Structures are given as structure tokens and as C-alpha cells.
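# Secondary and tertiary structure notes
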Protein chains: 2
Amino acid sequence: MARRSGFGTQLQAARRQEITPEMEKVSAKESVPAEVIMQRIAAGTVVIPANPAHRNLDPVGIGSGLTVKVNVNLGRSPTSSCLSEEVEKVRSAIRYGADAVMDLSTGPGIDSVRLAVLEASTAPVGTVPVYQAAETVERFEDLSEDDLLGVLSKQAVQGVDFMTIHAGLLRSHIPLASRRRIGIVSRGGALMARWMMAHERENPFYSRFDEVLRIAAEHDVTLSLGDGLRPGCLSDASDEAQFAELDTLGELTRRAWDAGVQVMIEGPGHVPFDQIESNMKRQKQVCGGAPFYVLGPLVTDIAPGYDHITGAIGATMAAFCGADFLCYVTPKEHLGLPDLEDVRTGLVAFRIAAHAADIARRHPGARDRDDRMSDARFRFDWETQFSLALDPDRAREYHAMTLPAAEHLKSEYCSMCGEKYCAMRNSAIATGRKNR
Amino acid sequence: MARRSGFGTQLQAARRQEITPEMEKVSAKESVPAEVIMQRIAAGTVVIPANPAHRNLDPVGIGSGLTVKVNVNLGRSPTSSCLSEEVEKVRSAIRYGADAVMDLSTGPGIDSVRLAVLEASTAPVGTVPVYQAAETVERFEDLSEDDLLGVLSKQAVQGVDFMTIHAGLLRSHIPLASRRRIGIVSRGGALMARWMMAHERENPFYSRFDEVLRIAAEHDVTLSLGDGLRPGCLSDASDEAQFAELDTLGELTRRAWDAGVQVMIEGPGHVPFDQIESNMKRQKQVCGGAPFYVLGPLVTDIAPGYDHITGAIGATMAAFCGADFLCYVTPKEHLGLPDLEDVRTGLVAFRIAAHAADIARRHPGARDRDDRMSDARFRFDWETQFSLALDPDRAREYHAMTLPAAEHLKSEYCSMCGEKYCAMRNSAIATGRKNR
């Protein structure tokens, strides 16, 4: 269902009270009336990142009143991975339920990776355009302002659905960051800070934000306003640098809306569990209810190798308190580039967070699958349990590790307790209820 | 530091204003004055499970104002595992920071497993005595009341530090459980329900609770009042059955205190994220502030293969809201008996939860290790990062997967971003601060 050319952005259509094919599709997937989707897009509290040039896109809605979504970061780094491996990661991500895919490739040949990712992904695709700009020069500060803005157009034409732009990190914020324990941990943010210091000029994505908006409006690219000053450790959370940038993001959100551009806001990072609620509320308030896209947040710094878990803990709390879109973290965070298995593990961890938050937010029908799973458990219906699992393959594999014979899929117990001690069996005997 | 015979329980000593060697040790480990530990034990809000017969015990305090503790469940099941494997699991659990170990063995030969576990474990050891009682008969209901109580004495003499007793599940509660989606999911609870229905009598652990208390007082066994009616799926959470049993546990808590017996309370299970806070508050209120020992709780039912993550999410929230002691869940939950690697993974997931909660509860000094880790990250000091990690071996292994050469341990970047894009490097350049 290709959109007419000259259709404008979803936000512009919604303001004209037009229901687009993308709104219809999101409505059907979310069981929310298309009218309501349209109203929320008009209000800026929902976005549908859908660049008309991304032909095979199955549109996804992100924001208020919708299920919580999960993004998977992919892409090669200068030291690791090849194109076919990245495409394999996209396929795996879609298979295990990713709602969006960001291609964060750096190093040579990233155009070809991006085109392959766009082709392989039915989910919206996002990028951080400065990574590509950086490839063309030795030192990032060798880029001109036009170089930086030029990459946006190029990627928009290719079909990128959303772009992280670090427009809120101002020159005046850099001294705040230098007082931090570990400074700036956003790749794009650190590059922009380096550029500003070398040129002694303001961030061009801020000073020329109107041009950014023109490109975004023309291709209906949803802007994901990057938090270059997100805290990278618990000690730096909720500090002056973070909130100074957030205030700028609030200002830019309103400018995006004025230009008819869809926008969401990126958030922390590393945040102690008790500070997550106040962070979410502050963001929603400062940014007028725009969708909030969080990276984790990680609730401790001491678990390298397990940061998909520290991230999923923070993400559940964040989504419960209003975050709409979760960027996954893999077990390799802080240690190296994730491989295919890391992508799967990180994604499932964050699908757990999103789903747990949907249930906790009392999203209509969110618990239905859990209830079907519980019914299947009580019936010892192993095949149904596997099929309802977030990762059916792993559930089946783990079950088979201790009870490998096919006949065990008919057993009314598993190896955890064995037959005699199985609570489900004994409970049925005690209460006079049959398991099957 | 063996205790004098006739010394009585830690609770009795605390009431006499005596500071025991165990209180001294807990005081030193927690940096809390021994006087304060003593007062909290006297008030029942802290326990030190320390059976004098467990010779090599390094005592652990659990409860109000102390760091959150993590228990690891071990033990063979009738279908899987051998003694040496269980001892290996104990060693691994201690190595990765378990604060307590429960031997939940079922099947033949469990006396020898328990003795081996007691010998291998410097952490307090817990059991569920009915599992052993069940071994002696064909059907659980063939046991007499004396058989059930007899096992307690036997295990107390062996040196078990804490025991789960399902004394709060009354005959009158069983009809409440039969209305549930999946009934009783506690192994011990289901066995006791089966016994009550067959005998048409009250739960002997309740009707003869004074005898239970006598045994516990004699050996200073800490009672862990089991929640036989814990919800086993989200749909059954916070229901009449769960809270009816909780009220009985509140009554039994007071009776234990009257008898000078240390006591903690077990809790759910499977609970939607938004119901965790009210669950924790209700338990603390009903049970007079006794330490709360939760199993997870799991915040969704649809993630078999990843239930260490669903559990760690719920556990963080539970501990943030007042739970003192977390029982880990492994990736094999609902699927089979955990192996050595599952024990490690489940334990680290729950150590993350406990630590994240310590930080969120603003426990003094809780964030120090995180800050040292962050400093090491900024310095690209990989060896210090590994040594501060909750699982140093895994952190090192993951780092080496993409940068295996020894010289990479001196690199000022990792394979996630590579040198040019490394935020820590670019941030240092922008802010004029040196990484090293």
C-alpha cells in the first residue's frame, strides 16, 4: 500500500483528519480504533516511523496507549562482522519479535549494509547519520556543516524510517559533561562535542535545525532526538548535563511539531532503579508527551556480560512509568560487538520487559497469552507451551536437555520435580480437578 | 567460633541483650553496629540462620537495614543429577556470591546429598523437610503426622540452618485454591494439601506447630514459613487463597516469636509488576516486619528459557519495596532441573537484582563498586573492570571473543565501537580530560 507522493507526514495527515493506510494497519495490530491513532498522532503522543521509500515496511505505532515496542541495534563495527552476518541478524531479530531495527554500522561500506538491512527488514529501520559522515574523513572535525546535514538527505532518500539526531547537545552543555565521572558516552554525542570544540561553533544540528526539519518532513523521517548527554554510569544519572540537554530536547520537540515532523525523544542510559520513575515523568512533562525511547536503562554498572538483564530490569520499570519504546542491550554491552546469539538473547530479554510493562499498565488483552500459557502448563501440554513462549526454540531445547525422548512430550511432569513431587499433579489430586 | 551449648536461639540471646559471635560477624560484614543487629533480631526484623551444628558456617544476616540476600536452590531430582554434581553446584554458587543454599533434593539418597552440601557450604543451608519424608512411602498420604514431624528433628541435628515449613496452608484454604487457574504450584504445599484431603484432617504443621517450634528453638533452626499457596501464574496472583494463607503466616510469625524462634516468610511466585509493591507492603504489615523471602516473582508467564530474567525483574522491584531475601530462578525454570551453568546464570541475574535494590534503597556504600567500575571504564582499565564484575570470568571471556589478543587488554576501545567512534575517547578529546 504505497502512499501517494506529496502526501506529507503522518502528523500532517492526522492534523487534516486523514486516516492513512499506515494508521489503519497500526489500528488493526493494536486493536485501537484508527480515529484514536489519528488523534494521538495529531497530538504528537504517537508516531508511525514510515518512510514511503521503505517499500516492504509493515508499519509500527509507538507511543501513548499502544503496546511497548522494542528496538534492536545492529550493524558492523570497524573491527568486526560482515554484511551477510548483519542481514542474518536482521532476520533473526524479526523472527524473535523486534519492532524496529537500527543499523548502527560504522567503518567502510556502510551504504551497502544499510540498503541490505532496509531490504531485509519489514520493521522500521533507524540510523545515526553522523556515523556515516564520520567515515569520509580522518578526523570528525574535518567535516563541514554541510557534510553533516548532507548525510541526512542521502539516507532519507534510501528509505530510513527514523534517525537519531543529536541536536540537543549544545556547546554550553560541554563543560557540564566534563565535570562528570565518565563524560559523554553517546557515540554521536561525543563526536558532536568534539566537532563543536574544534570549530568553536554551536552544534549545526541545532543551529540549522530548520533544515533538518525540512528533510524530515519531505521524507516523513521520524526524528529520534538523541540524548548525547545520557548518563553512562549510575554516578552521572539525573545530573545537570542530562537535564540541560532534556530542556533543549523539549524545545526541539515543539519546533518539530510546528514543522509537521514526527518526533520521539531518547533517554538514559544508566539510572539507579529508584530514579527511573522521576526521570520518565520529567521527560514526558518537558517534551509534551512525545514518545520516549529509552536505552535500558541499566540499574547497575557491575554486571558486564549480563547487561541485557540489568537493562531489562530498568526497561520494565521505565515502560511501567511511561516509556514507549525500548532499545535493547545485549550481553556483550561494554565488552564487544554482539553476535547473532547475543542479538537473540538481548531481544528476548527486552521483549520480556515490554510485555511485563504492557501487563502492568493494564493494556487490554495483554495477559491473554500468559493465561493460555498457564492453561497449557496445567494440562502438561508441552507443545502449546513451546509455541506460546517468547523463544519457542530455546524452551524446547531446554526441556529436551534432561528429557530428550519424544515420549516425554506426553509426560505429566518435567525433570525439575519429577512425577511424584509434581505440584500440578498433586494439586489436581488434592482439589479433585483433572489436569487433562 | 562454636557457640556454647544451651545458648538458645539468636532471638533469645538478643532479647537478653547478648551480642553473639554470629551477630559480631554479621555486624562486621554489613558495617552495621552489633548493637543494632541485636536490636533488630530482638524485634524479629532480622534473622541469622545459624544452626550450631553447621560447623563451617560463615553467618549471614537477613532483614531490615541489611543488604539484600540471594538464595540458590540446588539438589537432585528423581530423574537427574548426581551427588558430585550437586557439590560442584554448591562450590560454584559460593564462588559467584550466593548468600544461602537450599538443598531441595528429592529421590533416593538425599541424606548423603544434604550432608555433602552442609560440608561444602559456608553459606547457611536450608531444606524443605517434607521432601525427605515423602521418600519413605509410596504415596505421600501414607505418612503419619509423627513421620512428618520426625524429619524436622533429624535434619536439625544434621545442622540445617533454615527450613521451609508449609504450616500456613490450612484445610479450609484448599477450596480457594481449587478455584484457581492452575491450583497449587508449591511442591510442599501440594503434598500437604493431598495429605489433608486424604486424612480429612488439619495440616499437622499447623495443628502441632508448638512441636515444630520446640525443635526449631532447640537447634536454632530459622523457620521459613512456606507459601504453599503462592500464585503460580499471573492470573492467580493476589487472590483470596494467597492472602488467606498470608493471614495464617502472620499468626504463626507471632507464635514463633513468642517461642523465641527466628522466622522469615516466603512469598510469591508469579505477580504482575504493578502488584508487587502492594504485595510487599501487605506482607510486611501482616507479618509484623519479619524478613520477607520471595521466589522471583516472575512478571510474565510466557518466557520459559528466560525465567531468570523475568524473575530478576520482579525481584528487583520486590526488594526495592521491602523484600529482604531473594530466591533465584534459573533459565530452566518450568522446563527441567538446572545444570551447573544454569545455577551460575540464575545466581548472577539475582545478584544483579539484589545489588540494584541495595542501590535504589540507598544502602550506605552500595554504589561504591559501581563507581570504581565506571572509573575503570573511563581509564580503559580492562583488568580492573573484569575483577569488579559480578561474573569476572564471563566478562573476560566476552571481551576476548572479538579482541582475543593480549595486547587488546591495553587498547583504549573495544570492538563495540572501535577506536575512531569510541565515545570515551572522543569525550575526553572534547572535554580536554585524559582517560589515563
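Residues numbered from 1 in each chain as written. Chains lettered and ligands numbered in written order. Predicted model: local features only at pLDDT ≥ 70, side-chain atom pairs only at ≥ 80, totals over all residues. Heavy atoms only, no water.

The next subject is the overall build of chain A. Along its length, chain A carries 20 helices and ten strands. The C-alpha radius of gyration of chain A comes to 23 Å, within 12% of the 22 Å expected for a compact globule of 436 residues. On the principal axes, the C-alpha backbone points of chain A span a range of 75 × 50 × 40 Å. The burial tally for chain A puts 67% of its 436 residues in the buried class. (Helix = DSSP H or I, 4+ residues; strand = E, 2+ residues; numbered from the N terminus. Rg over C-alpha atoms; globule rule 2.2 N^0.38 Å. Buried < 20%, exposed > 50% of the residue type's maximum accessible area, 1.4 Å probe, protein only.)

Take the sheet that holds strand E3 (residues 69-74) of chain B next. Residue and element names in this part refer to chain B. With parallel pairing, eight strands are arranged side by side around a closed barrel as E3-E4-E5-E6-E7-E8-E9-E10. Between one strand and the next, the sheet's axes are offset by a mean angle of 25°, whatever the strand orientation. In this structure, strand E6 (residues 162-165) lies alongside strand E7 (residues 222-225), joined through four bridges in parallel fashion. Paired with Ile165 across the bridge in E7 is Leu225. Each of E7 and strand E8 (263-267) touches helix H12 (residues 240-258); the most contacted strand, E8, lies at about 165° to it. (Pairing = 2+ DSSP bridges. Axes fitted to C-alpha atoms, helices over the stretch in contact; angles between N-to-C directions. Contact = heavy atoms within 4.5 Å.)

Here we take up the pattern of salt bridges. Scanning the model with the defined rule gives 70 salt bridges over all chains in all. Measuring nitrogen to oxygen at the nearest pair gives 3.8 Å for the salt bridge that ties Arg425 of chain B to Glu419 of chain B. On the accessibility criterion, Arg425 of chain B (22% relative accessible area) is partly exposed. When salt bridges that share partners are traced, they join Glu145, Asp146, Arg201, Arg208 and Glu211 of chain A into one network. (Salt bridge = Lys/Arg side-chain N within 4 Å of Asp/Glu carboxyl O.)

All told, the structure shown has twelve aromatic pairs over all chains when counted by the stated rule. For the ring pair Phe320 of chain A and Phe273 of chain B, a centre distance of 5.3 Å and an interplane angle of 80° mean the geometry is edge-to-face. With Phe320 of chain A in helix H14 (residues 307-320) and Phe273 of chain B in the loop between E8 and helix H13 (276-286), this pair bridges two chains. Ring plane angle 35° and centroid distance 6.4 Å describe the contact between Trp382 of chain B and Phe386 of chain B, whose orientation is recorded as tilted. With Trp382 of chain B and Phe386 of chain B both in helix H17 (residues 382-388), this residue pair falls four residues apart, about one helical turn. A connected cluster of aromatic rings, assembled from ring pairs, spans Phe162, Tyr293 and Phe325 of chain A. Taking the ring centre of Tyr398 of chain B as reference, the NZ or CZ of Lys332 of chain A above it sits at 5.2 Å. (Phe/Tyr/Trp six-rings, centres within 6.5 Å; stacked < 30°, edge-to-face > 60°. Lys NZ or Arg CZ within 6 Å of the ring centre and 35° of its normal.)

Listed by partner, the interface residues are 104 residues for chain B and 104 residues for chain A. A combined buried area of about 9,000 Å² lies between chain B and chain A, and 65% of that area is made up of carbon and sulfur atoms. Of all residues in chain B, Ile302, Tyr306 and Tyr421 of chain B give up the largest surface area on contact with chain A, accounting jointly for 10% of the area buried on that side. On the surface where chain B and chain A come into contact, there are six salt bridges. (Buried area = accessible area lost by both parts, 1.4 Å probe.)

Bringing the packing of helix H2 (residues 21-30) of chain B against helix H3 (residues 34-43) of chain B into the picture now. Residues and elements named next belong to chain B. Look at H2 against H3: their axes get within 8 Å of each other, and the N-to-C directions meet at 120°. The angle between H2 and H3 falls in the class oblique. Crossing handedness for the pair H2 and H3: right-handed. Listed contacts from H3 to Met23, Glu24, Val26 and Ser27 of H2 are Ala34, Ile37, Met38 and Ile41. Here the contact of H2 with H3 is built from residues that sort into six nonpolar, one polar and one charged. (Parallel < 35°, antiparallel > 145°, perpendicular 65-115°, else oblique. Left-handed = near helix turned anticlockwise from the far one by under 90°. Nonpolar A, V, L, I, M, F, W, Y, C, P; charged D, E, K, R; others polar.)

A few words on unusual backbone geometry. All names here are of chain A. With omega at 10°, the peptide bond leading from Pro268 into Gly269 counts as cis. One non-glycine residue with positive phi stands out, namely Phe380, at about 55°. Structurally, Phe380 can be placed in the loop between helix H16 (368-378) and helix H17 (382-388).

On to the relation of the copies chain B and chain A. Once chain B has been moved 0.0 Å along the axis and rotated by 180°, it coincides with chain A to within an RMSD of 0.0 Å. The transformation relating the two chain copies, once decomposed into turn and shift, fits a two-fold axis. Residues of chain B ranked by C-alpha distance from the rotation axis are headed by Ile313 of chain B, positioned 2.4 Å from it. When the interface residues of chain B are mapped onto chain A, 100% of them again lie at the interface, so the same face is used by both copies. (Least-squares fit on C-alpha atoms with pLDDT ≥ 70 in both.)

Core analysis: the biggest nonpolar cluster contains 305 residues, and Phe205 of chain A together with Phe205 of chain B have the highest contact counts within it. Among all residues touching Phe205 of chain B, those that are not within four sequence positions of it are Val130, Leu148, Leu149, Leu152, Ile165, His166, Ala167, Met192 and Val212 of chain B. (Core = buried A, V, L, I, M, F, W, Y, C linked by side-chain atoms within 4.5 Å.)

Here the focus is the pairing of strand E6 (residues 162-165) of chain A. Residue and element names in this part refer to chain A. Residues Phe162 and Thr164 of E6 are buried on one face, and the alternating residues Met163 and Ile165, pointing to the opposite face, are buried as well. In this structure, strand E5 (residues 125-127) lies alongside E6, joined through two bridges in parallel fashion. Each bridged residue has a counterpart across the sheet, and for Gly126 the counterpart in E6 is Phe162.

The subject of this paragraph is the packing of helix H4 (residues 83-95) of chain A against helix H5 (residues 110-120) of chain A. Residues and elements named next belong to chain A. Relative to each other, H4 and H5 sit at 25°, their axes nearing to 9 Å. It follows that H4 is roughly parallel to H5 by the angle criterion. The two elements H4 and H5 cross, and the hand of that crossing is right-handed. Residues Leu83, Glu86, Val87 and Val90 of H4 form the contact with H5, whose own contacting residues are Ser112, Val113, Ala116, Val117 and Ala120. Classifying every residue of the contact of H4 with H5 by side-chain character gives seven nonpolar, one polar and one charged.

Turning our attention to the confidence of the model for chain A. Chain-level pLDDT for chain A is 94 on average; 98% of the residues reach the 70-or-more range. Of the two predicted TM-score estimates for the complex, the pTM is 0.97 and the ipTM is 0.96. (pLDDT = per-residue confidence, 0-100.)

Let us look at the side chain of His363 of chain A. All names here are of chain A. Structurally, His363 is set in the loop between helix H15 (340-360) and H16. Note on His363: relative accessible area 15%, which makes it buried. Setting aside residues no more than four positions away along its own chain, His363 makes contact with Glu30, Gly65, Leu66, Thr67 and Asp358.

What holds strands together in a sheet is hydrogen bonding between their backbones, with the strands either parallel or antiparallel. Residues and elements named next belong to chain A. Ordered in space as E3-E4-E5-E6-E7-E8-E9-E10, the eight strands form a closed barrel in which the pairing is parallel. For this sheet the average axis-to-axis angle between neighbouring strands, irrespective of direction, equals 25°. Alignment of strand E3 (residues 69-74) against strand E4 (residues 100-103), held across four bridges, turns out to be parallel. By the bridge assignment, Asn73 is partnered in E4 with Met102. Here H5 sits on the sheet and contacts E4 and E5; the angle it forms with E4, its principal contact strand, is near 170°. Helix H13 (residues 276-286) rests against strand E8 (263-267) and strand E9 (292-295) of the sheet, and its axis sits at about 145° to E9.

It is worth spelling out the domain arrangement of chain A at this point. Residues and elements named next belong to chain A. With domains assigned, chain A is organised as domain 1 (49-360) and domain 2 (368-431). Placing a centre on the C-alpha atoms of domain 1 and another on those of domain 2 gives a separation of 39 Å. Between domain 1 and domain 2, the contact holds ten residues from the first and seven residues from the second. Applying the counting criterion to the domain 1 and domain 2 interface returns three salt bridges. Here Glu341 makes a salt bridge to Arg394, at a shortest N to O gap of 2.2 Å. (Domains from an automatic or database assignment.)

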